[in-house]
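# Observations on the three-dimensional arrangement
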Amino acid sequence: MRQQDRGMNPYVAGTLAGLVLTLSVLVAGKFFGASTSYVRSAGLVEQVVAPAHVEQSSYFMKYLAKDPGIDWQWMFVLGIFFGAFLASNATDSFRWTDLPDSWRDRFGPSRIKRFGTAFAGGALALFGARLADGCPSGHGLSGVAQLSVSGLVAMACFFAGGLITARILFSGRKS
Amino acid sequence: MTLMFGLFTGILFGWLLQRARVLRYDKQLGALRLRDMTILKFMLSAILAASVGVHLLADVGLAELSIKGTALGAQILGGLLFGVGWALLGYCPGTSWGALGEGRFDALWGILGGWFGAALYAEAYPAMETSVLTWGNLGKLTLPGMLGVSHWLVIAALALGCFALFRLFERKGL
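Keep in mind it's a predicted model, so treat the numbers as computed, not measured.

## Notes on the UniProt feature "transmembrane region" (unreviewed entry) in chain B
Residue and element names in this part refer to chain B.
- Look at the UniProt record and you will see "transmembrane region" (unreviewed entry) annotated at residues 38–58, 70–89 and 149–169.
- Helix makes up 100% of residues 38–58 and strand 0%, and the two end C-alpha atoms of the span are 30 Å apart.
- With 90% helix and 0% strand, the stretch residues 149–169 has end C-alpha atoms that lie 30 Å from each other.

## A short note on a nonpolar patch on the surface
- Residues L23, L26 and V27 of chain A together with V60 and L62 of chain B make up a contiguous nonpolar surface patch of roughly 460 Å² in combined accessible area.
- Structurally, V27 of chain A can be placed in helix α1 (residues 10–27).
- Take V27 of chain A: its relative accessible area is 45%, and that puts it in the partly exposed class.

## Describing the interface of chain B and chain A
- Counting residues at the interface gives 115 residues for chain B, matched by 117 residues for chain A.
- For the pairing of chain B and chain A, the buried interface totals around 10,000 Å² over both sides, and the portion due to carbon and sulfur atoms is 75%.
- D106 of chain B is paired through a salt bridge with R114 of chain A; the nearest N and O atoms lie 2.8 Å apart.
- Where chain B touches chain A, the interface holds 26 residue pairs in polar contact (both at pLDDT 80 or more).
- The greatest single-element share of the side of chain B that touches chain A, amounting to 19 residues, is contributed by helix α6 (residues 106–129) of chain B.

## Some remarks on the nonpolar core
- In this structure, F13 and F42 of chain B are the most contacted members of the largest nonpolar core, which totals 91 residues.
- Looking at which element gives the most residues to this core, the answer is helix α3 (residues 38–59) of chain B, with eleven residues.
- Each of domain 1 (1–95) and domain 2 (99–174) of chain A gives at least three residues to this core.
- When sequence neighbours within four positions are dropped, the list of residues in contact with F42 of chain B reads P10, A13, G14 and A17 of chain A together with F13, L16, L17, A20 and V22 of chain B.

## A closer look at the packing of helix α8 (residues 136–145) of chain A against helix α9 (residues 149–169) of chain A
Residues and elements named next belong to chain A.
- The geometry of α8 relative to α9 is characterised by a closest axis approach of 8 Å and an angle of 130° between their N-to-C directions. Considering their axes alone, α8 and α9 lie oblique with respect to each other. Considering how the two elements wind past one another, α8 and α9 form a crossing that is left-handed. Counting all contacts with α8, which are made through P136, H139, G140, G143 and V144, the residues of α9 involved are S150, G151, L152, A154, M155 and F158.
- Here the contact of α8 with α9 is built from residues that sort into six nonpolar, five polar and no charged.

## Considering the packing of helix α5 (residues 93–101) of chain B against α6 of chain B
Residues and elements named next belong to chain B.
- Between α5 and α6, the shortest axis-to-axis distance is 8 Å and the interhelical angle comes to 150°. Taken together, the axes of α5 and α6 are roughly antiparallel relative to one another. Our pair here, α5 against α6, has a crossing hand that is left-handed. Contacts between α5 and α6 involve S96, W97, A99 and L100 from the former and A107, L108, I111 and W115 from the latter.

The rules behind the values
Residues numbered from 1 in each chain as written. Chains lettered and ligands numbered in written order. Predicted model: local features only at pLDDT ≥ 70, side-chain atom pairs only at ≥ 80, totals over all residues. Heavy atoms only, no water. UniProt positions renumbered as here; feature names shortened; annotations may be inferred. Helix = DSSP H or I, 4+ residues; strand = E, 2+ residues; numbered from the N terminus. Patch = residues over 30% accessible without salt bridge, like charges linked within 9 Å, V, L, I, M, F, W, Y side chains within 5 Å. Areas by Shrake-Rupley, 256 points an atom, 1.4 Å probe, with all protein chains shown as cover. Salt bridge = Lys/Arg side-chain N within 4 Å of Asp/Glu carboxyl O. Buried < 20%, exposed > 50% of the residue type's maximum accessible area, 1.4 Å probe, protein only. Contact = heavy atoms within 4.5 Å. Buried area = accessible area lost by both parts, 1.4 Å probe. Polar contact = N/O pair within 3.5 Å; in protein donor to acceptor, adjacent residues only side chain to side chain. Core = buried A, V, L, I, M, F, W, Y, C linked by side-chain atoms within 4.5 Å. Domains from an automatic or database assignment. Axes fitted to C-alpha atoms, helices over the stretch in contact; angles between N-to-C directions. Parallel < 35°, antiparallel > 145°, perpendicular 65-115°, else oblique. Left-handed = near helix turned anticlockwise from the far one by under 90°. Nonpolar A, V, L, I, M, F, W, Y, C, P; charged D, E, K, R; others polar.

Structure follows, in structure tokens:
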């Protein structure tokens, strides 16, 4: 097992990712995005519990009326999971971890605290992404690459919100 | 077929995200705390390469652009809210799945939270539709369209800006 995963140069990996996006647009006509898949998953889960309620929701039906819920993007996001799984196993960098290092240094070893914050953060992020009509993939990568104003505005606000929150969370910390 | 392409594209993207080491809470918060710019290097390189790629494809008629409408109210409020959630979670909606794929178990709670947030949004949508979502709707704007110049000029300016930023990152060792 390697002690330190040196990884790939981020400029090279990023450029390759941009080429993968170009290829995806050429072959499948699809731009990257991730947050719509969460609406589909949430709708599919809710359909099991309260099918009538989902049927009445105009927002869920925007996505679930056209197909059974699994679309290109849903598979793309699942692919990210497998891609990371394969890459980390191929390079011996797979690790089971539940507390990120800088989190533990700042907030201690409580798992409940970390999982609760992650859950709340995920909920806020997805609510915001759906309101903004995209996340760093849809607005950031695909949107800015197409030089769209919506992508630039959203990206600037993602970072503004994130910078302020990170500053509050880690205030007074040197490392 | 489209579904298989989606899976395949995702695997390639996930592989690159993992190798660039951007699927990490420490890297994401590192960027938001202005200490480690790995994710910005990755993201801006990807944006630059893709901007050249997709505009070339569009110019020769092999692909169509897909521009999202500009809705200032929704994008500013939603964007800021996303940013707050992002800093709390330390992963984005796409990278959460990648992080889980390399064994970061806390990302699973982010994904579950994301489903919950999406479900909440579906409940709030009827009210949003008549309020926030109507504020500042400007249609499908692009930067070259607004400036009335060729998209290649804007891409060149974007490239210069990114290279200047990259130089700064490397000089400061970020």
